[in-house]
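This is what each chain is made of:
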Amino acid sequence: MTQLNRSITGPLKRLAGAALAALALFTAGCSQNEYQPPPPPAVTVATPTVKDVTFYAEYTGYTKAQESVDIRARVEGFLESMHFEPSSQVKAGQLLFIIDPRTYVALRDQAKGDLAQCEAELQLAKATLTRKENAFKERAVSEVDVIQARAEKAKAEAAIEAAKASLQSAEINLGYTRIHAPIAGRISRNLIDVGNLVGAGEKTLLTNIVDDDPIYVYFNISENDILQYRKYSDQTPDPRDDKGQAKAYLALAMDEGYPHEGYLDYMDNAVDPNTGTIQVRGVFPNGHGDILPGFFARVRIPLGVRKNAVLTPEVAVAADQGGNYLLLVDDKNVVQYRKVTTGPNEGDMRVILGGLKAGERVIVAGVQRSRPGMQVTPQEQNATQTPAKPASATGQK
């Protein structure tokens, strides 16, 4: 029996020792894997940029020539010749068309003959009157004969005035057979070919001339924009050129930025109550003729300059029911909630009108994993960025 106990007790002791050793190891492992809080999340912060910012309003409109003249046939006749190249530049007074003048030459010559006949009749009436007045003094004719002679003289004088008017009309009509350019500019094509009858029953349209240097751009602004413009003008320097004209910048459909600089010269005298807008006109140089009338145009107008404006990256600005806000990191690396008043964009930056000071650290990356009051690990980043476009305060984009 003793031998049997010994054979059983030995293995049991060895198992118990192994179990105790394993338990000790497990207990030691548990003490080493106690919960450790995660480190504060890393966020990227940037200090605001401070610089002068020009606020702009942007609009859409269309281009129009400063002068546009339709060239029409003012007399009837066959179109005899054309003296210009389509789509070319013409000078004021340049000959464009000739209408067959032979009929009008004949009418002018006839009017000259009628005038000469009337002048001869006047000379006869004058001589007759003189003779009858002398005869009346000698009682050779009656007073009625003198009165009649005076009437014939007056009639002859009136006939001369009528003949002169007819001659002038004939010369004018003859002049209309040679059609000259009333203005300098770019001419269209000939709308009527040589050999066709023109001016029969209507003033036939022959071509068109436009003077597009400088060129106008018309656009509409709302009454709210007018009030906003006045607000900026009262609070900031009014940006004008050296002639005191309000600056304006123009871009066509395919332009990058606003490469054409001009000025505003006209605003209508009343707001249209149906649309709540008022028409404004800009003037832009067009010496090369690159801007054609009828183009779609984008216009921007500088409203004013804000000195030492505070800007922060647009991605840092968030919004909730209370308005726009920023998340800042204080000197203890704790996230702070800050309501701000925002202004226009300038490229990838946003102007902050109130609520942010230069030198404060703004979270620009990691906003979604940041909460007010939590500890973070800030990583500095330069907030200065190259603007992609100017600050736009109001207007139609």
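Residues numbered from 1 in each chain as written. Predicted model: local features only at pLDDT ≥ 70, side-chain atom pairs only at ≥ 80, totals over all residues. Heavy atoms only, no water.

### Quick look at the packing of aromatic side chains
What counts, and what does not: Any Phe, Tyr or Trp ring, taking Trp's six-membered ring, that has another such ring centre within 6.5 Å forms a pair; planes under 30 degrees apart are called stacked, those over 60 apart edge-to-face, and the others tilted. Under the scheme used here, helices are H or I runs from DSSP no shorter than 4 residues and strands are E runs no shorter than 2 residues, and both carry numbers assigned from the N terminus. Buried residues are those whose accessible area, probed at 1.4 Å on protein chains only, stays under 20% of the maximum for their type, while exposed residues exceed 50% and partly exposed ones sit between those limits.
Tallying each qualifying case throughout the model produces six aromatic pairs. Between Y59 and F219, the ring centres sit 5.5 Å apart and the planes meet at 20 degrees, which makes this aromatic pair stacked. Of this pair, Y59 sits in strand β2 (residues 49-72) while F219 sits in strand β9 (residues 205-222), and the two are 160 residues apart along the sequence. When its relative accessible area of 4% is taken as the criterion, Y59 is described as buried.

### Structural notes on the pairing of strand β3 (residues 77-82)
Here is the rule: Strand pairing is assigned whenever DSSP identifies at least 2 bridges connecting the two strands.
With two bridges connecting them, β3 and strand β8 (residues 197-198) associate as antiparallel partners. Across the sheet, residue F78 finds its bridge partner in β8, namely L197. With three bridges joining them, β3 and strand β5 (residues 95-99) adopt antiparallel strand pairing. Of the residues in β5, the one forming a bridge with L79 is I99.

### Regarding the environment of T177
As a reminder of what qualifies: Contact criterion: two residues are considered in contact whenever any of their non-hydrogen atoms come within 4.5 Å of each other.
Considering the arrangement of structural elements, one finds T177 in the loop between α3 (143-175) and β6 (178-180). Under the relative-accessibility criterion, T177 is labelled buried at 1%. The spatial distance from the C-alpha of T177 to the C-alpha of V105 is 10.0 Å, given a sequence separation of 72 residues. Here T177 is in contact with V75, F97, I98, I99, D100, P101 and Y104, once residues within four sequence places are set aside.

### Observations regarding the pattern of salt bridges
Applied cut-off: Any carboxyl oxygen of Asp or Glu within 4 Å of a side-chain nitrogen of Lys or Arg constitutes a salt bridge here.
One pass over the full model with this rule turns up eleven salt bridges. Put simply, E380 and R361 hold a salt bridge, and the shortest N to O gap is 3.7 Å. You can see E380 sitting in strand β20 (residues 377-381) and its partner R361 sitting in strand β19 (residues 361-365), a full 19 residues away along the chain. Residue E380 is classed as exposed on the basis of its relative accessible area of 55%.

### Quick look at the pairing of strand β13 (residues 296-313)
A large share of β13 lies buried, amounting to 13 of its 18 residues. By the bridge criterion, 13 bridges tie β2 to β13 in an arrangement that is antiparallel. What sits directly across from V50, in β13, is V310. In this sheet, β13 lies alongside strand β10 (residues 247-252) in antiparallel orientation, the contact comprising four bridges. Each residue of the ladder has a partner; that of Y249, found in β13, is R300. In the sheet, β13 pairs with strand β18 (residues 349-354) via four bridges, with the strands oriented antiparallel. Bridge pairing in β18 links T312 to R350.

### Overview of helix α2 (residues 102-137)
Put simply, the rule is: Expected helix span is taken as 1.5 Å per residue step, with the number of steps being one fewer than the number of residues.
The first and last C-alpha atoms of α2 sit 53 Å apart over 36 residues, in line with the 52 Å expected at 1.5 Å per residue. Taken residue by residue, α2 has Y104, A111, L115, C118, L122, A125, L129, K132 and A135 as its buried positions. Buried residues belonging to α2 abut α3. In the segment just after α2, R139 is the residue with positive phi, at about 65 degrees.

### Focus on the sheet that holds β8
The antiparallel open sheet is built from four strands, whose spatial order is β6-β5-β3-β8. Every interior strand has two partners, whereas the edge strands, β6 and β8, have only one.

Read these as geometric descriptors, not functional statements.
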